There are 2 protein chains.
Amino acid sequence: MLAAARGMQVLYRFPSRHIPLWFAHPPHSHSTPPVLHNKTCLRPLHRWHYFEDASSPLTRALITAGIFLHDAFTYTDRHIDRVPVSPLALHPGRGGPKNLPIVERLLSDIEDPENAKIAEKPHLVIVGGGWGAVGILKSLRPGDYHVTVVSPETYTTFTPLLPSAAVGTVSVRSLVEPLRKIAARLRGHLMCARAVDIVMSERLLEVETISPGGPGKGEHIYVPYDKLIIAVGSTSSTHGVSGLEHCFQLKTIGDAQAIRKRIIDNFEAAALPTTTPEERRRLLSFVVCGGGPTGVETAAEIFDFCQEDIINYYPKVCREDVSIHVIQSREHILNTYSEAISRYAEKKFMNDRIDLVTSARVGKVLPDRVVYTVHTPDGTIETHEVPTNFVLWSTGIAMNPFTQRVSSLLPNQVHKKAIEVDAHLRVKGAPTGEVYAIGDASTIETSVVSYLLDLVDESDKNKDGKIDFDEWRVMVNLIKRRIPMAESQLEEVRELFDLYDSDADNSLTLNELTVLLQEIGNKITALPATAQVAAQQGEYLGRKLSKLARQRGTLAANGITGGPGADEAVSGPFRYFHLGTLAYIGNAAVFDLGRTSFMGGLAAMYAWRSVYWSEQVSSRTRALLMIDWIIRVCGAATYRVYEHENCGLVPSVRSAPKARHGWFR
Amino acid sequence: MLAAARGMQVLYRFPSRHIPLWFAHPPHSHSTPPVLHNKTCLRPLHRWHYFEDASSPLTRALITAGIFLHDAFTYTDRHIDRVPVSPLALHPGRGGPKNLPIVERLLSDIEDPENAKIAEKPHLVIVGGGWGAVGILKSLRPGDYHVTVVSPETYTTFTPLLPSAAVGTVSVRSLVEPLRKIAARLRGHLMCARAVDIVMSERLLEVETISPGGPGKGEHIYVPYDKLIIAVGSTSSTHGVSGLEHCFQLKTIGDAQAIRKRIIDNFEAAALPTTTPEERRRLLSFVVCGGGPTGVETAAEIFDFCQEDIINYYPKVCREDVSIHVIQSREHILNTYSEAISRYAEKKFMNDRIDLVTSARVGKVLPDRVVYTVHTPDGTIETHEVPTNFVLWSTGIAMNPFTQRVSSLLPNQVHKKAIEVDAHLRVKGAPTGEVYAIGDASTIETSVVSYLLDLVDESDKNKDGKIDFDEWRVMVNLIKRRIPMAESQLEEVRELFDLYDSDADNSLTLNELTVLLQEIGNKITALPATAQVAAQQGEYLGRKLSKLARQRGTLAANGITGGPGADEAVSGPFRYFHLGTLAYIGNAAVFDLGRTSFMGGLAAMYAWRSVYWSEQVSSRTRALLMIDWIIRVCGAATYRVYEHENCGLVPSVRSAPKARHGWFR
């Protein structure tokens, strides 16, 4: 790598024309080429036949030899013949409630001895390909499970940098990593399919395969599992606003590319001489609905783009006519961050002349404008319109169809937004230890009171039907073990006891306990639906599952076979460690680290980059991202390049996002 | 750059987790974090709060300081207000035969004094954004002309590497360069529009602007010019084959991305357990129609992809079932190259088990197979079918609509494939010196006999109506000056004279001359329609136009004002210097350098890469390409990544290629 980087440095220093070509001799090498006689003095365009500067022949020779040797040994002439394939993979049997094919064996399950060994292990099926799924894949130990990833896309996306990709600061290629590559470490498999249903009694997951023929043309099949992990993420919520088909959202690479194309198209159309000034202002008006990190970062990136690229390459009047609007329903943007950070970001946006509209709700979105209402302090409601040709919708999340389906099959699932799981991330109501859910698709239960009877049972030592203070201390520990998120509410043990001991008899009755536990539960804040949470949950679950696999013998010896009690025996509950949240706000960044905040200009921006860089899923994306940023810094590519794909020419197989967010464009 | 490269090297050595964060202190820094008490030993996923290895703090500090300072000085807080814009740019007047707006002034023409000076120069309009256009833009001298580039796309593409991009070896971003950036050197302008018509008498070019509303919604306007250069390229010819809407072609970035998506989709579908073996073989059958460089290189890249990526990440049975077919109408592939090269490539393909079908013509293309006929040596015609889910059509070129229109407006234009130009690249039949054509859209006249009377007039010194040998020698030089391509036919001066002097009277009559010149003309091979030719023509024209501008005063003093004679006064005719053609054939490459050929394995492949690397249009793409190749070599990304754009979700503004190659997908 050192050699290659040095090579890059050397070659870059002679960027233009001195390229070695030691073996092909140019024609007419011993006579003056006839073309130089005439008056045009036509210099050949390609100068590769000039030999390079003698100043570093040894370096180049070494680099080239190194690269040459490496390449020579990595290229393979392998031919593949007569690969063993299980008959069950070629002709799966049918079964299950809908009598669909059950794929007990996959194509590559017996193609070599290692795969065959793994095929005999318990089958772990992961539904989804985002942060949660990757967290599991990276922390599982190879050889413990036969892993299958069911995902409509073949790659995972580094979502925090999507706003940068949407404007072109980083290339989309730096943000994706193929799932097959991540799963290869475990000899895992990828199935390009979308989960649609589940049969928990028979441990079957029903999926619809992604067919080249287009959406809806895939086959429905059953994928059997021993353990299933639901990590499908979420969709965006509409809040009942009409016209969302005219909006963009920013959840996938495709979204980022669509946004990039629209932004550039707007500028190009604005630069045409036939565009009226009014139309130009409409084309260059960018509206972001939602003042959370995604919306704020996208607005900041668009601003950067205008400052760095538009000024340099487009008519300056285009820069003059640009307006960026952020419409936020709360009083402040970045309201999930600390107050200091909110204020800092708002001040910066005001300096940048970004139009911040808070306490506003979007009423509807039309093809050429956005209508919103503002609640003024004196109680009136004003309606405003913003003409625009670009609207980004980035507010809130909602359940995706598969999550809704699973939720409807479970008893006691009352949560509207996600599947309820316990502190061990097991889905409540499903057979214990068989179905897990992590990430946006799940929410950890916060209802302490539902364990009332169990808790009383375990802590009431003298069985008097009441809980005295010592028993209460025992109960507090039991609660913390079951629902670690309640910890912050249980710090003042004595005070709580006294507070709820309404009859002051130094003991808590069941009624008093009910009230106490109810109120504790109400105060617990659910974990946010962020990448950090999903990644930590994934890593926790991967380690736990590996432990379960390794200690199966020990557990059996202790009488624990199968679900109940197994998770608790090998691991504690999931605990989320909030490392802080970041947001980029335009050559500046803010960090909310819980007890401290940090915000600032370039230094913070570099910290922001450092964090995201270290969080990359692979060396490849790390390298690519570093390169994107180096190139940007060196100014060699301050002009963000836009590939314009001929969208529409090829029917898209990758239609999953469209189906999921059907009304988004 | 050294610092940045070293930085990349340093940071890469610590790729995982040691990232400096000097300013944010982690919470709980002076007490054991509570999360480590429990049994899970949950290590935080993100380790950025560890400080890095002390072994290179100085280096890092220097790098960071360097990058920091650079960034600090390149970021701008400029605000743009009250930009001067010409009223003619905001409200163009109307005129011309169709009474459309005439854009005499563009939006940025007077936004600063330098632009205003340039706006007074002669207006040069370049239609097209490919090799020819870029050749001109790079060789014009700044300040000579007000340059406008009319192109439906905002960027230019490095087409020779499209086969690599189609399979994912290089990223499309490395192959595109924004036209605005290339034109910025000349303070040139880009108009996103498609040329549709021309009014040569009034020097107006009619264009249709690209509208965000979609194809057909743009406005028609006139762009006035003093000099017009047609560099629109060509489309693919259909040879009357039906079913071409099921085929891909490879002319643009969009094509490359569509092909990449289809290839990956095929493999994913083939890996599904529900795919029958027969369907799998069809999905993994890749057919390339056309045995020229594009087709051969794409077949070779697909083969590489199978050898390097499929084997490692997909079920091996997928590799086993792959078949690649190349259908060529001639007897040999790469038939425009030397024979040795053809044979080498064929031998390599046979070793790679690529199915080569020569002397075959594709009859029709169906959604699931290709039907072709083979002429066997004994005269029979056999029909064959190949089941497939991927067909690449890469045969021959045809005129695009604008070229056809221009051709129809000119007298004496009989060429079926391109606009005829003289040796100074001026369009024949257009007002002299006002309209030029280069690249695929043009063909240099080879008809010597059309100059018969002029030639006789100039060489017949004694005016006897016949040409003796001395006068013949004079005529030969005159011919070479007008039509340099005839040179190779005029080497044997004496022999030609004797051969055509049928009545052996040591002089050539008009009739004999007619026959002689006709036969010479017939033997001249037109220049191939390649990037090399277009680029050299562009560079030639750019230099000549700059000379014309600079020497306008001198020319006027000599009585040359305007078109006729001006080009000849400042420059000789265009001469093409063939530097050789290359093709990549699968970890091997072939070079045809005219008199010598070179072919070989890895060494040749590196030469191939060197040449393309040196031919990049900018440092940015050079750097990106080098990085693509380094990453590939280092094996850090042997897995070609595929972004799956949500094609179809956003109506495409960039519809030019679709309209141009309407029946391609």
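All values reported here derive from a predicted model rather than from experimental measurement. (Residues numbered from 1 in each chain as written. Chains lettered and ligands numbered in written order. Predicted model: local features only at pLDDT ≥ 70, side-chain atom pairs only at ≥ 80, totals over all residues. Heavy atoms only, no water.)

Caption draft 1: Summary view of the packing of helix α8 (residues 253-271) of chain A against helix α10 (residues 293-313) of chain A. All names here are of chain A. For the pair α8 and α10, the least separation of the axes is 13 Å and the interaxial angle reads 45 degrees. Considering the angle they form, α8 stands oblique to α10. For the element pair α8 and α10, the recorded crossing hand is right-handed. For the pair formed by α8 and α10, the contact residues are Ile263, Ile264 and Phe267 on the first element and Ile302, Phe305, Cys306 and Ile310 on the second. A class-by-class count of the residues in the contact of α8 with α10 yields 7 nonpolar, no polar and no charged. (Axes fitted to C-alpha atoms, helices over the stretch in contact; angles between N-to-C directions. Helix = DSSP H or I, 4+ residues; strand = E, 2+ residues; numbered from the N terminus. Parallel < 35°, antiparallel > 145°, perpendicular 65-115°, else oblique. Left-handed = near helix turned anticlockwise from the far one by under 90°. Contact = heavy atoms within 4.5 Å. Nonpolar A, V, L, I, M, F, W, Y, C, P; charged D, E, K, R; others polar.)

Caption draft 2: Structural view of the sheet that holds strand β15 (residues 360-366) of chain A. Residues and elements named next belong to chain A. Taken in spatial order, the 3 strands of this open sheet run β15-β16-β17, and their pairing is antiparallel. The sheet terminates laterally at β15 and β17 (381-387), the two strands that pair on one side only. Averaged over all pairs of adjacent strands, the angle between their axes in this sheet comes to 20 degrees, without regard to strand direction. Here 7 bridges tie strand β16 (residues 369-375) to β17, and the two strands are oriented antiparallel to one another. (Pairing = 2+ DSSP bridges.)

Caption draft 3: Local environment of the packing of aromatic side chains. Applying the stated criterion across every chain yields a total of 16 aromatic pairs over all chains. Ring centres of Trp131(A) and Phe158(A) lie 5.4 Å apart, and the angle between their planes is 55 degrees; on these two criteria the pair is classed as tilted. Taken together, the residues span a long stretch of sequence, with Trp131(A) in helix α5 (residues 131-139) and Phe158(A) in the loop between β5 (155-157) and α6 (162-167) at a distance of 27 residues. Across the pair, exposure class does not vary: Trp131(A) and Phe158(A) are buried alike. One aromatic cluster in this structure is built from Phe248(A), Phe267(A), Phe286(A), Phe305(A), Tyr314(A) and Phe390(A). Its guanidinium or amino end placed over the ring of Phe469(B), Arg494(B) lies 4.3 Å from that ring's centre, counting from NZ or CZ. (Phe/Tyr/Trp six-rings, centres within 6.5 Å; stacked < 30°, edge-to-face > 60°. Buried < 20%, exposed > 50% of the residue type's maximum accessible area, 1.4 Å probe, protein only. Lys NZ or Arg CZ within 6 Å of the ring centre and 35° of its normal.)

Caption draft 4: Spatial organisation of the pattern of salt bridges. Overall, the coordinates contain 55 salt bridges over all chains when judged by the stated rule. The closest approach of N and O atoms between Arg405(B) and Asp197(B), which form a salt bridge, is 2.9 Å. One end of the pair, Arg405(B), is in helix α13 (residues 401-409); the other, Asp197(B), is in strand β7 (residues 189-199), with 208 residues separating them in the sequence. A residue is classified by how much of its surface remains accessible, and Arg405(B), at 34% relative accessible area, is partly exposed. Note that Asp498(B) is salt-bridged to Arg494(B), the shortest N-O span being 3.0 Å. With a gap of 4 residues between them, Asp498(B) and Arg494(B) both fall in helix α16 (residues 493-500), about one helical turn apart. Taking relative accessible area as the criterion, Arg494(B) reaches 34% and is therefore assigned partly exposed. One salt-bridge network, held together by shared partners, links Lys98(A), Asp197(A), Glu206(A) and Arg405(A). (Salt bridge = Lys/Arg side-chain N within 4 Å of Asp/Glu carboxyl O.)

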